[in-house]
Amino acid sequence: MRILIVGFGSIGRRHGANLKSLRPDCELVVVRSGQGAPLGADPGFALARVVGTIEAGLALNPDAAVIATPSALHLAALESLLVRGVPCYIEK
């Protein structure tokens with residue numbers, strides 16, 4: 001199972017950690033702008049694939065997505081994902 005996480009601040013990291021705890025075999029693909037701590041700083045995320053755009057993440061055919069961006073950015077991410085039929089969880 002491949003999960004796309006859009007936004008990887010504290011909430012995105014928490015959802016990623018929960019996913020890895022529930023499904024250790026899932027592959028995480030993280031969309032991030034390059035800011036913040038390196039993924040390798042968090043146990044379990046060193047092997048996550050990092051992409052710079054949602055489009056790049058969509059090219060990897062995710063099975064589902066977590067939208068963990070600031071609320072004002074949710075709609076743009078959601079539209080891109082739903083058009084492609086990707087089930088989404090949106091963090092409030």
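Refer to the structure presented above.
Residues numbered from 1 in each chain as written. Predicted model: local features only at pLDDT ≥ 70, side-chain atom pairs only at ≥ 80, totals over all residues. Heavy atoms only, no water.

K.L.:
Is there a simple way to think about the sheet that holds strand β5 (residues 88–90) in this case?
P.N.:
Strand pairing in a sheet relies on backbone hydrogen bonds, with the paired strands running either antiparallel or parallel. Pairing is parallel across the open sheet formed by five strands, whose spatial order is β3-β2-β1-β4-β5. What marks the edges here is a single partner per strand, and that holds for β3 (49–51) and β5. Across the sheet, the mean angle separating the axes of adjacent strands is 20 degrees when strand polarity is ignored. Sheet analysis places strand β1 (residues 2–6) next to strand β4 (residues 64–67), joined by four bridges and oriented parallel. When the bridges of β4 are listed, Ile3 appears paired with Ala64. Across the sheet, helix α1 (residues 10–22) is in contact with β1, β2 (27–31), β4 and β5; its angle to β1 comes to roughly 165 degrees. (Pairing = 2+ DSSP bridges. Helix = DSSP H or I, 4+ residues; strand = E, 2+ residues; numbered from the N terminus. Axes fitted to C-alpha atoms, helices over the stretch in contact; angles between N-to-C directions. Contact = heavy atoms within 4.5 Å.)

K.L.:
Honestly, the nonpolar core in this entry has me stumped. Any pointers?
P.N.:
Among soluble globular proteins, nonpolar side chains are generally buried collectively. Counting residues in each nonpolar core, the largest one holds 14 residues, and the members touching the most others are Leu4, Val6, Val31, Ile54 and Leu81. Looking at this core, the elements with two or more residues in it are β1, β2, α2 (54–58), β4 and α3 (74–83). When residues of this core are assigned to their parent elements, the largest contribution, three residues, is made by α3. Beyond its immediate sequence surroundings of up to four residues, Val31 is in contact with Leu4, Ile5, Val6, Gly7, Phe8, Val51, Gly52, Thr53 and Ile54. Grouped together as the second largest cluster of nonpolar side chains are ten residues, Cys26, Val30, Val66 and Ala68 included. (Core = buried A, V, L, I, M, F, W, Y, C linked by side-chain atoms within 4.5 Å. Buried < 20%, exposed > 50% of the residue type's maximum accessible area, 1.4 Å probe, protein only.)

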